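Descriptive structure summary
Here's the letter readout for the chains.
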Amino acid sequence: VAPIDQVAAAVGGGNIVPGVITETTGGALAVCATVDHPVYDPKARIALYRHAVPGVFALLPWIPTAGMILRWFRDEFGDGMDYSALDEQAAAVPPGSNGLILLPHFGGMLSPEVNSEARGVFWGISTAHRKAHFIRSILEAVAFALRDNLELLTQTGVECRQITCLGGAARSKVWLQIKADVLQRTVRTLRCEETTSLGTAVLAAIGAGIFPNIEAAIAAMVHPAGMVSPDPKNRATYDAAFRKYKEVNRKNFVD
């Protein structure tokens, strides 16, 4: 039986042992944490699935709208810019987007809190903000949501030892650096970002007898590309911005 898409993506990302986390920023933001026993969130915020590896499980918190917000902004306000141009604009803005914060709930909120009525909010807008600030705030919002969910996993007792970034956003050096800075953790990248297809191919290769087990298949088919380390000078800025993100989120959609 084939696993669900995010479990297949985890296989394609080499995420098959506890302590390894993969995050996929495509249209949505999906986090996959591998655990060696069932872990249940008493508030039912984190879905639990069987992993593709026998006897192993996967926790999957996710945000319905992530990369699709950037696409929406590009289509509606981008004036013909492609994603590379959006990256260039975002890179020209200092960390924290001069106080502009996005709540990325364009399709409701599922994790770490559940509120189907939540909606997107650009908070802190002033006349000093330009299009580039809105672009960077979108990238930062996804990173804040990722940190929020990694903290939820940690509170649930899940170890987050290694983080690998997957999906189309992993092609963006600016977005990878923002994630590393917001998390204050080194993030890994792979040669193939579209790991759902790769993970399916890994499992098919095992089923066809090409490899004896999943470890051998991953060693042959999953290849690291590099690592992005956090910039220490951005830590205070992003810690403060993340606190404000959580405060605004709580006031609008949690309390």
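Attention in this report is confined to the structure presented alongside it. Every value quoted in this text rests on a predicted model; they were computed, and no experiment measured them. (Residues numbered from 1 in each chain as written. Predicted model: local features only at pLDDT ≥ 70, side-chain atom pairs only at ≥ 80, totals over all residues. Heavy atoms only, no water.)

**Notes on the nonpolar core**
Counting residues in each nonpolar core, the largest one holds 57 residues, and the members touching the most others are Ile21, Leu59, Leu150 and Leu153. Considering each element in turn, this core owes the most residues, 13 residues, to helix 4 (residues 131-155). With near-sequence residues (within four places) excluded, Leu150 lies in contact with Ile21, Val31, Cys160, Ile163 and Leu183. Listed in part, the 13 residues of the second largest apolar core include Ala9, Ile16, Ala217 and Ile218. (Core = buried A, V, L, I, M, F, W, Y, C linked by side-chain atoms within 4.5 Å. Buried < 20%, exposed > 50% of the residue type's maximum accessible area, 1.4 Å probe, protein only. Helix = DSSP H or I, 4+ residues; strand = E, 2+ residues; numbered from the N terminus. Contact = heavy atoms within 4.5 Å.)

**Focus on the packing of helix 4 against helix 8 (residues 235-254)**
Packed helix pairs are specified by the crossing angle of their axes together with the interaxial distance, meaning the distance between the axes. Running from amino to carboxyl end, helix 4 crosses helix 8 at an angle of 80°, the nearest separation of the two axes being 10 Å. Taken together, the axes of helix 4 and helix 8 lie roughly perpendicular to each other. Along its contact with helix 4, which presents Arg136, Glu140, Ala141, Phe144, Ala145, Arg147, Asp148 and Glu151, the element helix 8 presents Tyr238, Asp239, Ala241, Phe242, Tyr245 and Lys246. A class-by-class count of the residues in the contact of helix 4 with helix 8 yields seven nonpolar, no polar and seven charged. (Axes fitted to C-alpha atoms, helices over the stretch in contact; angles between N-to-C directions. Parallel < 35°, antiparallel > 145°, perpendicular 65-115°, else oblique. Nonpolar A, V, L, I, M, F, W, Y, C, P; charged D, E, K, R; others polar.)

**Some thoughts on helix 5 (residues 173-183)**
Counting buried residues in helix 5 gives nine out of 11 residues, a clear majority hidden from the surface. By the burial criterion, the buried members of helix 5 are Val174, Trp175, Leu176, Ile178, Lys179, Ala180, Asp181, Val182 and Leu183. Two residues or fewer after helix 5 comes Gln184, characterised by a positive phi angle close to 55°.

**A closer look at helix 8**
Side chains that are three or four residues apart share a direction in an α-helix, a result of its 3.6 residues per turn. Taken together, the buried positions of helix 8 are Tyr238, Asp239, Ala241, Phe242, Tyr245, Val248, Asn249 and Phe253. Elements that come into contact with the buried residues of helix 8 comprise strand 6 (101-103), strand 7 (121-123), helix 4 and helix 5.

**Thoughts on the pattern of salt bridges**
Tallied over the full model, the rule gives 18 salt bridges. Between Glu193 and Arg171 there is a salt bridge; the shortest N-O distance is 3.5 Å. Taken together, the positions of Glu193 in the loop between strand 9 (187-190) and helix 6 (195-207) and Arg171 in the loop between strand 8 (162-166) and helix 5 put the pair 22 residues apart, joining distant regions of the chain. A relative accessible area of 19% means that Glu193 is categorised as buried. When the shortest N-O distance is used, the salt bridge between Glu247 and Lys244 registers 3.4 Å. Of this pair, Glu247 and Lys244 are both found in helix 8, three residues apart, which corresponds to roughly one turn of the helix. Taking relative accessible area as the criterion, Glu247 reaches 25% and is therefore assigned partly exposed. Beyond isolated ion pairs, a larger network of salt bridges with shared partners links Arg147, Asp148, Glu151, Arg235, Asp239 and Lys246. (Salt bridge = Lys/Arg side-chain N within 4 Å of Asp/Glu carboxyl O.)

**Structural notes on the packing of aromatic side chains**
Taken as a whole, this structure holds nine aromatic pairs when the rule is applied. Between Trp72 and Phe106, the aromatic rings sit 5.2 Å apart at their centres with planes inclined by 70°, giving edge-to-face as the arrangement. With a gap of 34 residues between them, Trp72 in helix 2 (residues 67-77) and Phe106 in the loop between strand 6 and strand 7 connect regions that are remote in the sequence. Summarising the aromatic geometry, the rings of Phe242 and Tyr245 are spaced 6.2 Å apart at their centres and angled 15° between planes, so their arrangement reads as stacked. (Phe/Tyr/Trp six-rings, centres within 6.5 Å; stacked < 30°, edge-to-face > 60°.)

**So, the packing of helix 2 against helix 4**
Between helix 2 and helix 4, the shortest axis-to-axis distance is 9 Å and the interhelical angle comes to 160°. For the element pair helix 2 / helix 4, the angle class is roughly antiparallel. The way helix 2 lies across helix 4 gives a crossing that is left-handed. The residues of helix 4 that touch helix 2, namely those facing Ile69, Leu70, Phe73 and Phe77, are Lys131, Phe134, Ile135, Ile138 and Leu139. Taken together, the residues that form the contact of helix 2 with helix 4 break down as eight nonpolar, no polar and one charged. (Left-handed = near helix turned anticlockwise from the far one by under 90°.)

**Details of the pairing of strand 1 (residues 20-25)**
Within strand 1, six of the six residues are buried, leaving the element largely enclosed by the surrounding structure. On strand 1, burial covers both faces: Val20, Thr22 and Thr24 on one face and Ile21, Glu23 and Thr25 on the other are all buried. Here strand 1 runs beside strand 8; their pairing, made up of five bridges, is parallel. Looking across to strand 8, one finds that Thr22 is bridged to Thr164. The pairing of strand 1 with strand 2 (residues 29-35) spans five bridges and is antiparallel. Bridge pairing in strand 2 links Thr24 to Ala30. (Pairing = 2+ DSSP bridges.)

Keep in mind that these numbers describe shape and distance, not what the molecule does.
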